[in-house]
Amino acid sequence: EPLDIVYTKESPDRLISMNCRARANPAPTYRWRRDNWEIKLMELPNEHYSLVGGNLIINNPEEKKHAGTYVCVAKNVYGTVISKEAKVKFGYLEEFPDEERDPVTVKEGQGAVLLCAPPKRWPTEVTFRWIYNEFPVFLHPDKRRFVSQSTGNLYISKVEASDAGNYSCYVFNPQIGKGVYSKFIPLISTEEKKRYKADLVVKFPDTTAMLNYNVTLECFALGNPAPHIVWRKIGATDLPASAQVSMSGALLHLYNVQYEDSAGYECEAINQKWQDWHQAWLYWAVTINNTQKDVGSEHTMSCVANGKPGPYIRWLKDGYSYGKGELKFSSLTFEDSGMYQCIAENYWGIIYASAELRVIACAPTFELNPVKKYLLGANNGRVVIECKPRAAPRPRFTWTKGKEVLFNNSRISIMFDGSLEILNATRNDEGVYTCLAENDRGKANSTGTLTITEATQITVAPEDTQVMVGEEVHLQCQASFDPSLDITFIWSLDFRVIDFYLEWKHYERIMDREDSGELKIMNVQLRHEGRYTCTAQTVVDNVTASADLKIKGLPAPPGGVRVEEIRDTSVKLVWNRGADHGSPILGYTIQTRDFYALTEVDWRDASTSPTALDRMSVMADVVDLYPWMEYEFRVYATNEFGDGEASIPSMKIKTWDAVPVVAPTNVGGYGGKDGELIITWTPVQPQYFYGKKFGYVVAFKPHDDVDWWYETISDPETRRYVHRDASFRVKSNDFQVREFQVKVKTFNSKGDGPYSLSTTIYYPRDGEVPSESPTDVYSRPVSSHEALVWWIPVMDTGTGLQQYIDGYQVKYWRKYDDTEPGANRIFVPASMNQTRLENMLPDSHYLIEVRAYNGAGVGPPSEHCEMFTKRARKTRCQNHTGIPYTVHVMFRKTGYITGPIYMTGWHFIDFPMPQVGDYELEVRGRYEGGDGPIRKIRLQGKASFLRPTLSLAAMLLLALCIVGLGI
């Protein structure tokens with residue numbers, strides 16, 4: 001059939017070829033129509049049109065004369081059919097305007113959008129690319145840069161200095177093979193690096209998709225840092241299996257879309273702790289399915305079509321309009337014969353379905369389908385002898401056994417299609433049967449011989465059985481049958497036939513006797529539970545027997561886990577009970593995973609109300625959640641065999657927002673130069689934001705003042721604030737340093753959180769760095785890579801000037817192998833006079849120096865302290881006979897990353913065994929040469945609700961022995 005064609009004036013062939021070929025006997029003749037007008041190919045010569053076979057050739061096509069809708073008409077003595085419509089359109093792509101493009105100026109860190117403004121074109125499906133500085137240097141999209149294939153615009157999420165340059169939009173039409181490019185657009189960047197929240201600027205609209213077609217959705221955001229794009233299908237835990245995300249998350253491809261893909265889709269842009277999101281819906285438009293119906297004396301020709309919007313259906317007979325909807329024939333005549341076409345069309349497409357209706361009349365004949373010559377039937381069974389001659393109109397049927405004419409009775413009946421049915425057959429029903437078919441055109445008969453065999457019967461049936469997971473079970477099945485026949489045994493599980501070839505690891509059929517088909521199930525698993533059916537089958541009949549196999553093991557996962565009520569710190573979770581697998585369920589455990597989970601398996605046991613969920617529980621309140629946090633939940637059951645498989649996670653939800661309750665920690669600061677007051681703090685972790693628009697309020701005042709000064713910080717990641725005020729400077733005649741009180745609180749869109757504790761910070765005399773150095777610096781190696789260092793802090797010098805310091809700088813480097821400028825540095829608060837040096841090289845000579853510092857700078861150095869690190873410890877493959885200094889034991893619950901750490905100098909440690917849950921122990925010895933290897937031990941009880949059967953002290957004593965601690 002012909003296809004849509006896009007023709008361009010630049011085509012080298014200067015012709016259009018449209019194909020048409022019909023399967024017919026005798027061969028058909030062909031004609032063509034344009035916009036419902038027939039093209040006179042035979043009657044009038046035409047310089048443009050010619051016919052080659054059934055193909056239409058258009059030479060030197062012109063848009064005004066030849067653009068339009070074409071159909072091919074094929075005809076022979078039996079009728080006429082019309083092809084589907086094909087459109088001829090003339091493609092073009094105009095040039096960009098010659099006007100110069102205005103430059104785009106943007107600050108570094110901000111987002112930028114360069115508009116393409118593509119010219120007019122046909123077809124509209126083109127590809128967009130951007131040229132950078134010169135042709136053919138094309139820009140390669142990445143996480144920061146995105147080219148929309150809908151508008152052609154170039155989006156840069158955050159501009160960097162390297163982005164400055166000239167950009168040109170390149171448009172290419174693949175169907176006509178032509179490309180054009182715009183004037184260059186200068187992009188000018190200015191230096192100012194700030195962080196900006198994620199802002200979605202490319203948002204996919206509500207989209208209508210064709211069944212079995214591909215769809216691409218676009219989503220891109222500006223922001224600094226460059227946002228990360230996450231896609232979700234609303235109402236589902238995962239994207240469709242055919243979905244694929246590309247271009248660093250900017251594109252979502254849905255391939256071969258199906259009905260179930262119709263839904264709302266959401267893209268979310270995240271950079272650090274800012275979020276923005278967009279939702280739209282994917283709808284359906286479906287073309288039409290072909291349907292054909294058989295002909296008969298009474299006949300209805302139906303054309304069933306599904307589509308959105310609903311299609312319009314009409315009929316053609318031999319190429320001419322014949323009606324719409326269903327075609328009903330109450331009494332077919334020869335004039336009804338012909339070629340019928342159903343045409344179904346909607347906005348999205350058109351489809352044709354063709355069928356030939358041929359009205360015939362003939363006498364009955366058994367040439368193609370005679371009665372079977374030899375027939376078998378089971379004793380006391382049902383026998384059906386088919387009689388299906390070809391005849392029109394439908395014949396009358398008569399059956400005989402030998403010379404006896406058969407009539408309908410309680411055991412024997414002649415069915416509507418002519419077949420003979422015999423119920424409760426016996427040996428007396430054996431004999432020769434003849435079917436006679438007759439109509440007004442003639443008659444015919446066909447004969448077969450019936451033999452009755454012994455019925456097949458189950459003699460040993462399988463029995464209901466209950467086994468444990470991992471065991472082996474045998475299901476018996478024996479049958480008696482007619483010795484003249486062959487028998488086979490078929491096993492099925494819940495009506496699914498078992499394939500012994502594919503499932504050989506678990507199923508085996510034992511055929512040690514002809515009348516036995518015993519089933520052996522090895523290493524039984526929970527999935528093998530169900531109803532097993534044995535079918536003993538011969539060519540004559542079959543008989544079945546069933547038994548239920550119950551498997552005891554871990555409970556099945558609960559189903560239908562869903563959140564019904566959402567609050568700020570709790571939700572109401574509901575689920576359906578799963579199978580207990582032969583052992584009563586003892587209770588349920590709920591687990592959560594929030595937005596900041598480290599991995600996909602980072603699930604944590606949740607706090608619930610009630611605390612213990614018994615076997616009857618189907619709902620619970622999950623409490624102690626973070627407000628304004630995205631969560632998903634799952635549930636698992638426990639029985640005497642342990643914890644079962646967890647349920648499918650619930651849909652992701654977000655708790656309501658609330659006022660923050662956590663204040664920043666480690667509030668401090670120092671005075672700088674030229675009236676600068678630097679206030680520092682440790683930012684609040686994201687899970688404690690509790691809502692949108694999170695930030696900080698910094699309060700400070702001179703120590704003796706009453707009124708506080710306040711500054712609002714909107715960036716939740718900020719960890720310092722610098723206030724400049726010349727009046728803060730300490731004059732040279734001031735005897736004391738100035739003191740300031742500082743405190744910091746949090747806020748969000750719901751309100752203000754608590755202040756941190758007030759802290760005193762000091763502003764030193766102008767330019768007054770610490771004048772004294774720490775004394776008596778002493779160090780001791782701990783291992784081949786670590787050392788401890790001490791010193792005497794800087795004290796009042798007795799000069800009458802107050803010495804104020806913020807902390808100490810510790811430098812260390814190898815005496816002969818490193819340079820002092822490249823030394824390692826550690827900064828220690830003023831309240832400490834010792835620290836640990838790490839990442840040192842073994843068996844090396846080190847110099848160590850300590851200085852005091854404040855906001856004005858670093859004071860003089862101490863005297864150098866010299867030390868040697870220890871030699872490297874022996875490798876793990878060698879025998880280790882050293883005695884550890886200490887033993888470190890981490891005790892954590894299974895599924896958690898961290899836990900409490902205990903330290904001991906003995907070969908054992910004793911503390912209470914928790915009553916609920918499974919735990920892991922990690923044991924490591926610390927030797928003279930460094931840390932030894934880690935040994936792990938798992939403490940797994942039968943269930944979280946059973947008392948422990950092994951004391952933790954005994955297990956840990958065993959662990960310490962295994963580590964090789966010199967025992």
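Since we're looking at a predicted model, the values are computed, not measured.

Q: Outline the confidence of the model for the protein, supporting the account with residue identities and numerical values.
A: Taken as a whole, the protein shows an average pLDDT of 82; of its residues, 85% reach a score of 70 or greater. Note that residues 875-881 has pLDDT below 50 and, in this model, 5 contacts with residues that lie over four places away or in other chains. Residue range residues 942-967 is modelled with pLDDT below 50. Its contacts to residues more than four positions away, or to other chains, number 67 contacts.

Q: Give a detailed account of the environment of Glu866, specifying residues and quantitative values.
A: Position of Glu866 relative to the elements: it lies in strand S78 (residues 865-868). The spacing of Glu866 and Arg780 is 86 residues in sequence and 9.8 Å in space, taken between C-alpha atoms. If sequence neighbours within four positions are ignored, Glu866 has contacts with Ser779, Lys815, His845, Tyr846 and Leu847. Side-chain polar atoms of Glu866 contact the side chain of Lys815, separated by 3.4 Å. Side chain to side chain, Glu866 and His845 meet in a polar contact 2.7 Å long.

Q: Now, about a negative patch on the surface: what can you tell me, with residues and values included?
A: Where like charges cluster on the molecular surface, the negative patch consists of Glu95, Asp98, Glu99 and Glu100. On the secondary structure map, Asp98 appears in the loop between strand S10 (92-93) and strand S11 (104-107). The class for Asp98 is exposed, based on a relative accessible area of 65%.

Q: Explain the pairing of strand S18 (residues 178-181) to me, and be specific about the residues and the numbers.
A: One face of the sheet, then the other: side chains in a regular strand alternate in exactly this way. When strand S17 (residues 165-173) meets S18, the two strands line up antiparallel, connected through 4 bridges. The residue of S18 that forms the bridge with Phe172 is Gly179. In this structure, the hairpin formed by S17 and S18 is closed by a connection of 4 residues, where Gly177 is found at a positive phi of approximately 65°.

Q: Hey, could you go over the state of the cysteines for me, with residue numbers and the actual values?
A: Counted under the stated rule, the structure contains 5 disulfides. Cys20 shares a disulfide with Cys72; S-S distance 2.0 Å. Taking the torsion about the sulfur-sulfur bond, which here is approximately -80°, the covalent link between Cys20 and Cys72 counts as left-handed. Here Cys72 lies in strand S7 (residues 68-76) and Cys20 lies in the loop between strand S2 (15-18) and strand S3 (29-34), a separation of 52 residues in the sequence. Neither Cys20 nor Cys72 differs from the other in exposure class; each is buried. Covalently, Cys219 is tied to Cys267 through a disulfide, its sulfur atoms 1.9 Å apart. Since a negative S-S torsion denotes a left-handed disulfide, the Cys219-Cys267 link at about 65° is right-handed. Taken together, the positions of Cys219 in strand S22 (residues 215-224) and Cys267 in strand S26 (residues 263-271) put the pair 48 residues apart, joining distant regions of the chain. Given a relative accessible area of 0%, Cys219 falls into the buried group.

Q: Outline the sheet that holds strand S67 (residues 720-724), listing residues and values.
A: Judged by pairing direction, the sheet is antiparallel, and its 3 strands sit side by side in the order S63-S64-S67 without closing on themselves. A strand with exactly one partner marks an edge of an open sheet, and here the two such strands are strand S63 (665-671) and S67. The sheet shows a mean angle of 15° between the axes of neighbouring strands, taken without regard to direction. Note: strand S64 (residues 676-682) against S67, 5 bridges, orientation antiparallel. Counted as the bridge partner of Ile679 is Tyr721 from S67.

Q: Outline the pairing of strand S71 (residues 775-781), listing residues and values.
A: Sheet topology places S71 next to strand S72 (residues 787-792); 5 bridges connect them, and they run antiparallel. Within the sheet, the bridge partner assigned to Arg780 lies in S72 and is Leu788.

Q: A description of the environment of Asp643 should follow, citing residues and the corresponding values.
A: Within the secondary structure, Asp643 is located in strand S61 (residues 642-643). Sequence separation between Asp643 and Gly587 is 56 residues; the distance between their C-alpha atoms is 9.6 Å.

Q: Please provide a residue-by-residue account of the pattern of salt bridges, values included.
A: If you walk through the whole model with that rule in mind, you get 32 salt bridges. Arg145 serves as the salt-bridge partner of Asp142, at 3.1 Å between the closest nitrogen and oxygen. The salt bridge involving Glu849 is made with Arg851; its shortest N-O contact spans 2.8 Å. The network of salt bridges with shared partners includes Arg144, Lys158, Glu160 and Asp163.

Q: Please set out the sheet that holds strand S16 (residues 154-156) residue by residue, giving values where relevant.
A: Strand order in this open sheet of 3 strands is S12-S16-S15, and the pairing throughout is antiparallel. Edge positions in the open sheet fall to strand S12 (112-114) and strand S15 (145-147), since each of these has one partner strand only. Averaged over all pairs of adjacent strands, the angle between their axes in this sheet comes to 15°, without regard to strand direction. Where S12 meets S16, 3 bridges bridge the pair, whose relative direction is antiparallel. Bridging from a neighbouring strand, Val113 pairs with Tyr155 of S16.

Q: Lay out the environment of Asn346 with the relevant residues and their values.
A: On the secondary structure map, Asn346 appears in strand S32 (residues 338-346). Take Asn346: its relative accessible area is 14%, and that puts it in the buried class. With 36 residues separating them in the primary sequence, Asn346 and Gly310 have C-alpha atoms 6.8 Å apart.

Q: I'd like to hear about the packing of aromatic side chains, residue by residue, with values.
A: In total, this model carries 24 aromatic pairs according to the counting rule given. Their ring planes at 55° and their centres at 6.4 Å tell us that Tyr155 and Phe220 sit as a pair that is tilted. Placement of Tyr155 in strand S16 and of Phe220 in strand S22 is noted, with a sequence separation of 65 residues between them. Across the pair, exposure class does not vary: Tyr155 and Phe220 are buried alike.

Q: Which residues make up unusual backbone geometry, and what values go with them?
A: Only a minority of non-glycine residues have a phi that is not negative, and only a minority of peptide bonds are not trans. Here the amide bond leading from Asn25 into Pro26 is cis, since omega sits at 5°, within 30 degrees of zero. Within the element layout of this structure, Pro26 appears in the loop between S2 and S3. Here the phi dihedral of Asn839 falls at roughly 60°; this positive angle occurs in a residue that is not glycine. As for its position among the elements, Asn839 is in the loop between strand S75 (834-837) and strand S76 (845-854). For Asn839, a relative accessible area of 70% puts it in the exposed group.

Q: Tell me about the side chain of Thr592, residues and numbers included.
A: Note that Thr592 resides in strand S56 (residues 587-594). On the accessibility criterion, Thr592 (11% relative accessible area) is buried. Here Thr592 is in contact with Asp602, Trp603, Arg604, Ala606, Val622, Leu625, Tyr631, Glu632 and Phe633, once residues within four sequence places are set aside.

Parameters at a glance
- Residues numbered from 1 in each chain as written.
- Predicted model: local features only at pLDDT ≥ 70, side-chain atom pairs only at ≥ 80, totals over all residues.
- Heavy atoms only, no water.
- pLDDT = per-residue confidence, 0-100.
- Contact = heavy atoms within 4.5 Å.
- Helix = DSSP H or I, 4+ residues; strand = E, 2+ residues; numbered from the N terminus.
- Polar contact = N/O pair within 3.5 Å; in protein donor to acceptor, adjacent residues only side chain to side chain.
- Patch = residues over 30% accessible without salt bridge, like charges linked within 9 Å, V, L, I, M, F, W, Y side chains within 5 Å.
- Areas by Shrake-Rupley, 256 points an atom, 1.4 Å probe, with all protein chains shown as cover.
- Salt bridge = Lys/Arg side-chain N within 4 Å of Asp/Glu carboxyl O.
- Lys, Arg positive; Asp, Glu negative; His and termini not counted.
- Charge placed at Lys NZ, Arg CZ, Asp CG, Glu CD.
- Buried < 20%, exposed > 50% of the residue type's maximum accessible area, 1.4 Å probe, protein only.
- Pairing = 2+ DSSP bridges.
- Disulfide = S-S within 2.5 Å.
- Axes fitted to C-alpha atoms, helices over the stretch in contact; angles between N-to-C directions.
- Phe/Tyr/Trp six-rings, centres within 6.5 Å; stacked < 30°, edge-to-face > 60°.

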